[in-house]
Amino acid sequence: MIKKQTRRNFLITSVAVAGGITASTAFQQSAKSTATIPERVLGRTEVNLPIFGLGGAGQTPLSWYDREGDAEAIIQKALELGIRYFDTAASYGPSEDYLGKVLPPHRGKLFLASKTDKRDYDGAWRELERSLKRLNTDYLDLWQLHHVSFTSELDTIFSASGAITALEEAIQQKLVRFAGITGHHDPEIIAEGLRRYPFHATLIPVNAADQHHPRPFLPVVMPIAQAKNVGVIAMKVPAYGRLFKPGGLAGMQQALGYSMSQPGVHCCVIAAENITQLENNVKVASAFKPLSQKELNAIAQQTANIWEETTFFRAWT
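Treat the numbers as computed from the prediction; the structure is a model and nothing was measured.

Student: How would you explain the side chain of Ser259 if you had to name every residue and give the values?
Tutor: Looking at the element boundaries, Ser259 is found in helix H10 (residues 252–260). Those residues in contact with Ser259 that lie beyond four places of it in its chain are Val206, Asn207, Ala234, Val237 and Val265.

Pasting the structure below:
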């Protein structure tokens, strides 16, 4: 097992962090913005966030090598548009590096989330160290156990030498503020994770096609999340754009409207292929108004014939 880290030792031995970047003890007070994106409190974290955050993987230069210029332009534009929540992961290619080159001057006003797919203590600690160095910060607002898919993974995570111990120590040492669990394979596994541990947040698929799947996420995960006041973050909102295929949804207004109108969902993360797409997505998020049940039913019905091809990510583990 690796030598137990302390925040002081970690900061001394890590790559120099951009001058003056320290964990904000009053995020809400320092994060005031002129953005018009509606905001919600993320579960019991008491953090008020815009309902729209920028995703760092998928069809976006943020996760592609040799696209640094395009990636940095998107990140900078996101800041200008009032986005404060940035989502990435250790396994998202150069995503953490790109974010680490743009975000540091704004760090105190942001909610920065990353993830580890390591299930053991040593592996999780190493990825946290790397993530902090790449992101050029000395803390994460949210550190998540990434794409947890099987009971065996939960058993390893919660074992004596599991990743949960690294997560708890990171919180104690103020390297991490909040703990999360993510998954897009089996809702029962995420539900079990929430039963086993008081996570602050969960990142799960929430879109108009998922309800047609034999094992939809919301009916399984949401009752537990709401009972424990867990922050619920929607991903796969447009299903990589596949929900907009002929015979599907008309556009992001329907996709985001559906996801963010679900009771108990606090915000969503969506990637952007380019600045124009990002600007359009922010316009949709800024204009969001909760949809009626009749409107939600109509949107869901539009995906009834394409749900199988638009829930392809459910097979990923």
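Student: Which residues make up the nonpolar core, and what values do they have?
Tutor: Ranked by size, the top nonpolar core spans 83 residues in total, and within it Phe52, Leu54, Ile83, Phe86, Leu128, Leu256 and Leu278 carry the most contacts. The residues touching Phe86, leaving out its near neighbours within four places in the chain, are Leu54, Ile75, Ala78, Leu79, Leu99, Leu103, Leu110, Phe111, Leu112 and Ala113. Ranked by size, the runner-up nonpolar core spans 14 residues in total, among them Leu49, Phe111, Ala201 and Ile233.

Student: Could you give me a rundown of the pairing of strand E7 (residues 176–182), with the residues and numbers involved?
Tutor: Across the seven residues that make up E7, a large majority, six, are buried. Judged from the three bridges that link them, E7 and strand E8 (residues 201–205) form a sheet pairing that is parallel. From the neighbouring strand, Gly180 faces E8, where its bridge partner is Ala201.

Student: A description of the packing of helix H4 (residues 95–102) against helix H5 (residues 121–135) should follow, citing residues and the corresponding values.
Tutor: The contact between H4 and H5 brings their axes to 7 Å, and the two run at 40 degrees. In terms of orientation, H4 lies oblique with respect to H5. Residues Ser95, Glu96, Asp97, Leu99 and Gly100 of H4 pack against Ser131, Arg134 and Leu135 of H5. Residues belonging to the contact of H4 with H5 are distributed by class as follows: two nonpolar, three polar and three charged.

Procedures and definitions
- The numbering scheme is per chain: residues are counted from 1 as the chain's sequence reads.
- Where totals are concerned, whole chains, interfaces and linings use all residues; where local detail is concerned, this predicted model gives features only for residues with pLDDT of at least 70, and gives and counts side-chain atom pairs only at 80 or more.
- The basis for every side-chain value is the complete set of heavy atoms in the structure, and neither hydrogens nor water enter the calculation.
- Helix numbers and strand numbers start at the N terminus; a helix is a DSSP run of H or I with at least 4 residues, a strand a run of E with at least 2.
- We call two residues in contact when some of their heavy atoms are within 4.5 Å.
- Buried residues of nine kinds, namely Ala, Val, Leu, Ile, Met, Phe, Trp, Tyr and Cys, make up a nonpolar core once their side-chain atoms join them within 4.5 Å.
- Summary of the burial criterion: residues with accessible area below 20% of their type's maximum are buried, those above 50% are exposed, and those between are partly exposed, where the area comes from a 1.4 Å probe applied to protein chains only.
- For two strands to be treated as a pair, DSSP must find at least two bridges joining them.
- Think of each axis as a best-fit line through the C-alpha atoms, taken over the contacting stretch in the case of a helix, with angles from 0 to 180 degrees between the N-to-C directions.
- Under this scheme an angle from 65 to 115 degrees is roughly perpendicular, one under 35 degrees roughly parallel, and one over 145 degrees roughly antiparallel; angles in between are oblique.
- Residues are grouped as follows: Ala, Val, Leu, Ile, Met, Phe, Trp, Tyr, Cys and Pro are nonpolar; Asp, Glu, Lys and Arg are charged; every other residue, Gly included, is polar.

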